[in-house]
Amino acid sequence: MEIIRLKTKMLSQKVIANVSDEMARVYDLPEGHQSVGFFSVDNDDAGYLAVDDATKKADIKVIRAETFYAGRLGSWSRYGGSVFVMISGPKVADVKSGLAYAKDFIDNRTELCCFDGDQGTAFYAQCVPRAGKFFRDFCGIEEGTAYAYLVGGPIETNYALDKALKAGETRIARYWYPPSHANSSGAVLAGTESACRAAAQAFVEGLRTAIEHPMEI
């Protein structure tokens, strides 16, 4: 089966330059953070990776990043996408930079794929050489450590995840038990860059086997 890369897209983004005191209170914004930004993406995995990448380049903090129930197909808004992400920063320029870095990642560097063009086999498998501040907090990965982000359908993912863990010395930093909000499953594996690349490759091959032979045990 041929691996086909799928495009991901930021669907909406907004900035509040000077957020109200009540918004700052309910979201528990860091002291000194006056500006906030929001964005949505048609794929939640791309949103998580994009905002982690942005935290490496802009002076921002991720306040909220949450997948919608049932993902994009369950969204109530044409602009809702699969995930809601909120960031804050001390200046509006910081927030705008964070959004720009996130959009660049979403437009150009995501690894959402499927087999033979069948979106019913969609998966996400990407090795990131250096974690940012968001994944430090979200997954407990030391900033600068490599990680592999691996997501797919529940049964095939768990089958393939075992093969990924056996391919190199990695640990599960975060695991999504099936069914997740988006009815998928997945994990973030942390380790050396070479181990994470081997894990991602083994994961994809495990998915291929599970998808090609769904009833074989």
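Placed above this text is the structure.
Cut-offs used in this document
- Throughout, residues of each chain are indexed from 1 in the direction in which the sequence is written.
- Since the coordinates come from a predicted model, pLDDT governs what is reported: local features require at least 70, and pairs of side-chain atoms require 80 or more to be given and counted, while whole-chain, interface and lining totals use all residues.
- Side-chain descriptors were evaluated using all non-hydrogen atoms of the structure, hydrogens and water having been removed beforehand.
- Under the scheme used here, helices are H or I runs from DSSP no shorter than 4 residues and strands are E runs no shorter than 2 residues, and both carry numbers assigned from the N terminus.
- Here, residues are in contact when the closest pair of their heavy atoms is within 4.5 Å.
- Between any two strands, pairing holds if DSSP finds at least two bridges.
- Inter-axis angles, ranging from 0 to 180 degrees, are taken between N-to-C directions of lines fitted to C-alpha atoms, where helices are fitted over the stretch in contact.
- Grid points spaced at 1 Å over the protein atoms alone were grouped into cavities, where a 1.4 Å probe fits but cannot get out, and pockets, open sets with protein on both sides within 12 Å along at least five of seven lines, with lining residues defined by an atom within 4 Å of a point.
- Grid points are joined across faces, edges and corners, and a volume is the space filled by probe spheres set on the points.
- Asp, Glu, Lys and Arg are counted as charged, while Ala, Val, Leu, Ile, Met, Phe, Trp, Tyr, Cys and Pro are counted as nonpolar; the rest, among them Gly, fall into the polar class.
- In a helix, the anticipated span is given by 1.5 Å times the number of residues less one.
- Think of it in three bands: with a 1.4 Å probe and only protein chains considered, a residue is buried below 20% of the maximum accessible area for its type, exposed above 50%, and partly exposed in between.
- A side-chain nitrogen of Lys or Arg and a carboxyl oxygen of Asp or Glu constitute a salt bridge if their distance falls within 4 Å.
- For classification purposes, an angle smaller than 35 degrees is called roughly parallel, one larger than 145 roughly antiparallel, one from 65 to 115 roughly perpendicular, and anything else oblique.
- It is the rotation of the near helix from the far one that decides the hand of a crossing: anticlockwise by less than a right angle makes it left-handed, clockwise makes it right-handed.

Examining the environment of Phe-203
Among the structural elements, Phe-203 can be located in helix H6 (residues 193-212). For Phe-203 and Ala-164, which are 39 residues apart along the polypeptide, the C-alpha to C-alpha distance reads 4.9 Å. Dropping the residues within four chain positions of it, Phe-203 is found in contact with Tyr-124, Ala-125, Leu-150, Val-151, Thr-157, Ala-160, Leu-161 and Ala-164.

Quick notes on the sheet that holds strand E4 (residues 61-67)
One open sheet holds the four strands; their spatial order is E2-E3-E5-E4, and the pairing between them is antiparallel. Single-partner strands in this sheet number two, and they are strand E2 (10-16) and E4. Each strand axis lies, on average, 10° off the axis of its neighbour in the sheet, ignoring direction. Here helix H3 (residues 92-108) sits on the sheet in contact with E2, strand E3 (35-41) and strand E5 (83-89), set at roughly 175° to E2.

Considering the layout of surface pockets
In this structure, the second largest pocket encloses a volume near 260 Å³. In this structure, the second largest pocket is lined by 14 residues; those nearest its centre are Lys-61, Val-62, Lys-133, Phe-134 and Asp-137. Its residues assigned to classes, the lining of the second largest pocket shows seven nonpolar, one polar and six charged.

Re the sheet that holds strand E7 (residues 118-128)
The six strands are arranged E1-E6-E7-E8-E10-E9 in an open sheet whose pairing can be described as antiparallel. The sheet is open, and its two borders are formed by strand E1 (3-5) and strand E9 (170-176), each paired with just one other strand. The mean angle between the axes of side-by-side strands here comes to 25°, regardless of whether they run parallel or antiparallel. Relative to strand E10 (residues 185-191), E9 is paired through six bridges, and the arrangement is antiparallel. Across the sheet, residue Tyr-175 finds its bridge partner in E10, namely Ala-187. The sheet contacts of helix H2 (residues 44-55) involve E7 and strand E8 (146-152), and relative to E8 the element is tilted by about 165°. Across the face of the sheet, helix H5 (residues 154-167) comes into contact with E8, E9 and E10 while running at roughly 15° to E10.

Things to note about H6
The end-to-end C-alpha distance of H6, which contains 20 residues, comes to 29 Å, matching closely the 28 Å that a straight helix rising 1.5 Å per residue would cover. Residues Ala-195, Cys-196, Ala-199, Ala-200, Ala-202, Phe-203, Val-204, Gly-206, Leu-207, Arg-208 and Ala-210 constitute the buried set of H6.

Regarding empty space enclosed by the protein
Scanning the entire structure with this criterion turns up one cavity of 30 Å³ or more. If you add up the space inside the largest cavity, you get close to 30 Å³. Taken together, Thr-121, Ala-122, Phe-123, Gly-152, Gly-153, Glu-156, Leu-207 and Ile-211 form the lining of the largest cavity. Elements represented by at least two residues in the lining of the largest cavity include exactly E7 and H6. Per element, the largest residue contribution to the lining of the largest cavity is three residues, and it comes from E7.

Some words on the pattern of salt bridges
Note that side chains of opposite charge can pair when their charged atoms are close. Within the structure shown, the criterion is met by 12 salt bridges. As a salt-bridge pair, Lys-56 and Asp-53 come within 3.7 Å of each other at their nearest N and O atoms. In this structure Asp-53 comes out as buried when scored by relative accessible area, which is 3%. For the salt bridge of Arg-136 with Asp-137, the shortest nitrogen-to-oxygen distance reads 3.2 Å. For Arg-136, a relative accessible area of 35% translates into the label partly exposed. Linked by salt bridges that have partners in common, Asp-53, Lys-56, Lys-57 and Arg-109 make up one network.

Section: the packing of H2 against H3
Across the interface, H2 lies against H3 with an axial gap of 8 Å and an inter-helix angle of 130°. In terms of orientation, H2 lies oblique with respect to H3. When you trace H2 past H3, the crossing you get is right-handed. For the pair formed by H2 and H3, the contact residues are Ala-46, Leu-49, Ala-50, Asp-53 and Ala-54 on the first element and Gly-98, Tyr-101, Ala-102, Phe-105 and Ile-106 on the second. Tallied by class, residues from the contact of H2 with H3 come to eight nonpolar, one polar and one charged.

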